[in-house]
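Coordinate inspection notes
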Amino acid sequence: MIPSYYEYYNPVKVVAGNKAVDNLPYELEQLGAKRPLVVTDRGVVGAGLMQIVADAFLGQEAVLAAVYEDTPPDSSVEVVNEVARLYKKNKCDSIVGLGGGSAIDTAKAVNIVVTEEVDDLITLMGAEVLKKELKPFIAIPTTAGTGSEVTLVAVVADTKRGIKMPFTSYYLLPKVAILDPRMTLTMPPKITAATGMDAMTHAVEAYTCIQKNPLSDAHATAAIALIRDNILTAVKKGSDKAARFAMANASLLAGAAFSNAMVGVVHALAHGVGGVCHVPHGVGNTIFLPFGMEFNLDTVGDLYGELLLPLAGEDVYFNTPKKNRPARAVEAVRDLNRQLNKACGLPITLKQAGVPLDKLEDAANAAVNDGAVTYNPRGVDYEDALTIMKAAYDWL
Amino acid sequence: MNDEMVSHRWKPRKKRGKTFMVQAGLFLLGRALEAAAVLDPDVRREVEGWKDPMTIMLHVHSEGPTMVLKKQDGVLRYAGSSPVDADLTIFFKNLESAFLVFSAQMSSPQGSAEHRVSLKGDAGQAMSLIRCMETTQAYLFPKFIAKNVLKKVPPMTLKRAGVRAAILGVGVPIGLGRFAGLVR
């Protein structure tokens, strides 16, 4: 069904495929930039990916003005403010985010600070409050999950309050997203699985949240089918370039879907355990996805029924009576979780993720204060959040 | 180009009715929130968690109706309809979008989902405010309207009916914040 009103925006140029990273200097020059600051992390540097990016500048007019290598897994306001200082000090004119969600989100947040010429990111909190074009920004994801390369949101931790703060603005969308199969080849199995399920969660929630629209739906279902066909191969055989590239595309599609349709209760819960217990975002989404779907089953069960086709394929879809499809879709996600758990030890309970039982109340409280609750098709209060967290604690 | 080729007669039409409705809706909501922060335990608990002092503004961009709330010394008060520099501001992008919400044709989350509002300030704080607004709306609207704009409509118990009567009978006409000390 087409909503009575919707907005859709995705102006990101996608540069994808073999040796795509070598186009980075050219793309920067097209944007009028010659001195990029690269924001990345130790893992990316250690895997040799930064060197691939550096090599791309050979014989080019654009030069690497500075590289920030120390982005932590949960980037914070302090890190953003520090990197913004380095940007100014090194007279940079553009930003490249190279890494997973944290590095790319940090790069986005740095772009806010250096463009608005403030000293502290906190002063610019909000949704759609930025008023001017940001500095040229290119994203190169090295994980296949966050979709941050095509989203209008940057999530940065406020370490003092133990919460994750979202900044949303259309200006935060990168000018260019570069998907190069080389960038995800070295990703370890467990991270491949967690980030892949992160993308799956983006797609499933985008398809069922109150901002869904025909364009986001098309992206979401395409993403789910790609993940269904490729995630286990990418986890078990990391060197499979085709599976890696398919997952990178799935992540981008899911990112474009949720950037325009938003996400719901699963993300709120994952942000809750992420902020309070430092559970990685992809792991939190993996754990909560089937429980969040069950929670919404009475409200949007018909939509889950439709998703059974991309989730489980034609045979399962056509052999399942219509009334059973919603519950079967939840089971398909749970099956996939079990297979990933078996393949690489991906945590699928909060207990496996190391969440202390006595932190569930704090995490549930953080979850209901998360903006994603707004977009969930069913209202979520503190008791709901706590009930789901308890159910997800040790269900195996 | 000849100046005669363009016309300068087009002006936006006044929308006095809708402007009045939105301003009245903002006033009603402001006074009702002030009262709910005294009488409803859920709203009271939420407001206790807000920083103190704090200013909140609901505003129709760019020169439209406005509602200001101020929390000071633990008490939330409706503070008029003149725009201020607030700690947390929720903007409606235009009058029509605000009208959809204030005429109960659209829920606040749906308005947000359709990008009809934008936010300046802490998103977590805004979530708390929205929960308070929803709780308050459940008192203001009859059930047949409430079920269109709220994801959950609490059953109308005798106690809740009393709170509704106090909000509508005293809170909205004269403001209940000034009696916060007595009521608690």
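Residues numbered from 1 in each chain as written. Chains lettered and ligands numbered in written order. Predicted model: local features only at pLDDT ≥ 70, side-chain atom pairs only at ≥ 80, totals over all residues.

Some points on the overall build of chain A
Counting secondary structure elements, chain A contains 15 helices and nine strands. Compactness check: chain A gives a C-alpha radius of gyration of 20 Å against a globular reference of 21 Å for 396 residues, within 12% of the reference. Across its three principal directions, the C-alpha atoms of chain A cover 60 × 45 × 40 Å. Restricting the contact set of chain A to residue pairs at least 6 apart, pairs at least 24 apart contribute 80%. (Helix = DSSP H or I, 4+ residues; strand = E, 2+ residues; numbered from the N terminus. Rg over C-alpha atoms; globule rule 2.2 N^0.38 Å. Contact = placed C-beta atoms within 7 Å.)

Points about the packing of helix α2 (residues 41-48) of chain B against helix α5 (residues 123-140) of chain B
All names here are of chain B. Interhelical geometry of α2 versus α5 gives an angle of 160° and a closest axis separation of 10 Å. The pairing of α2 with α5 is recorded here as roughly antiparallel in orientation. Regarding α2 and α5, the two cross each other, and that crossing is left-handed. The residues of α5 that touch α2, namely those facing D42, V43, E46 and V47, are S128, R131, C132, T135 and T136. (Axes fitted to C-alpha atoms, helices over the stretch in contact; angles between N-to-C directions. Parallel < 35°, antiparallel > 145°, perpendicular 65-115°, else oblique. Left-handed = near helix turned anticlockwise from the far one by under 90°.)

Some words on the environment of A56 of chain A
All names here are of chain A. Within the secondary structure, A56 sits in the loop between α3 (49-55) and β3 (66-68). You can call A56 buried: it has 21 C-beta atoms within 10 Å. With 33 residues separating them along the chain, A56 and N23 place their C-alpha atoms 7.4 Å apart. Not counting the four nearest positions on each side in its chain, A56 is found in contact with V21, D22, L24 and P25. (Buried ≥ 20, exposed ≤ 12 C-beta atoms within 10 Å, placed from the backbone.)

Looking at the interface of chain B and chain A
You'll often see interface size given as the accessible area lost when the parts meet. Each partner contributes to the interface: chain B provides 18 residues, whereas chain A provides 22 residues. Those elements that place two or more of their residues in the side of chain B that touches chain A are α4 (108-113), β5 (117-120) and α5 of chain B. Broken down by element, the side of chain B that touches chain A gets its largest block of residues, five residues, from α5 of chain B.

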